[in-house]
Amino acid sequence: MNEETKPITDPADDAALTPEIRAIMGIYTLYAQVQASIDAIGFDDGLTDPACRLLIRLEHPQRMGELARFTKLLPSTVTAQADLLEAGGMVERRRDPNDRRAWILALTEQGKTTRAELVRRAGELFRRVTGFEEAEIAAFAALTDKARKTVIDTIIDGSDRC
């Protein structure tokens, strides 16, 4: 690799940067690469990125409003994607027995199979992009869980916003 083809930023060149800045740069780089590679885990049956996000979150039946919150999708987007998934035989809608105005989405057998394949492909993509081993994935997941909780708690109480 010559100077013209060398990546713009080589982490080995960043040793003088603070750990916080290196972490931010790493998160950004990882996010950008995962986004660029996301088509690699797509399906040939026309599932959209929002539909895939819903399938991943549907490890158990959930209210559509909760899915909108968890996936950061607009409620109208969740409804449109639920229509697509329902038409494809992957989910079914049920009335919430505790609130008949609300709908619950649940995976069908086909949806469970599709979700399992999507989760498998996402895991392969993550391992390929990061080069992490199982112990490193578990440690990274624990750190990002902690960061995500802090972000969510900050949003909820409104403190320390940037």
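Above this text sits the structure in question.
Residues numbered from 1 in each chain as written. Predicted model: local features only at pLDDT ≥ 70, side-chain atom pairs only at ≥ 80, totals over all residues. Heavy atoms only, no water.

Draft legend 1. A look at the pairing of strand β3 (residues 99-107). Relative to β3, strand β1 (residues 62-63) is paired through 2 bridges, and the arrangement is antiparallel. Bridge pairing in β3 places Gln62 opposite Leu105. As paired strands, strand β2 (residues 91-96) and β3 are joined by 6 bridges and run antiparallel to one another. Note on β3: the bridge partner recorded for Glu92 is Ala106. The turn linking β2 back onto β3 is made up of 2 residues. (Pairing = 2+ DSSP bridges. Helix = DSSP H or I, 4+ residues; strand = E, 2+ residues; numbered from the N terminus.)

Draft legend 2. View of the pattern of salt bridges. Tallying each qualifying case throughout the model produces 13 salt bridges. Residue Arg53 is joined to Asp49 by a salt bridge in which the shortest nitrogen-to-oxygen separation is 3.8 Å. Of this pair, Arg53 and Asp49 both sit in helix α2 (residues 49-57), separated by 4 residues, roughly a single helical turn. Residue classification places Arg53 among the partly exposed residues on the basis of a relative accessible area of 29%. Under the relative-accessibility criterion, Asp49 is labelled partly exposed at 40%. Measuring nitrogen to oxygen at the nearest pair gives 3.4 Å for the salt bridge that ties Asp96 to Arg63. (Salt bridge = Lys/Arg side-chain N within 4 Å of Asp/Glu carboxyl O. Buried < 20%, exposed > 50% of the residue type's maximum accessible area, 1.4 Å probe, protein only.)

Draft legend 3. View of the layout of surface pockets. In this structure, the second largest pocket spans a volume of roughly 460 Å³. In terms of lining, the second largest pocket is formed by 15 residues, of which the most central are Pro11, Arg22, Met25, Gly26 and Thr29. Of all the secondary-structure elements, those providing two or more residues to the lining of the second largest pocket are α1 (19-37) and α5 (109-130). Looking at the lining of the second largest pocket, the element that brings in the most residues is α1, giving 8 residues. Across the lining of the second largest pocket, the residue classes tally to 8 nonpolar, 5 polar and 2 charged. (1 Å grid on protein atoms, 1.4 Å probe; cavity = no way out; pocket = protein on both sides within 12 Å on 5 of 7 lines; lining within 4 Å. Points joined across faces, edges and corners; volume = space filled by probe spheres on them. Nonpolar A, V, L, I, M, F, W, Y, C, P; charged D, E, K, R; others polar.)

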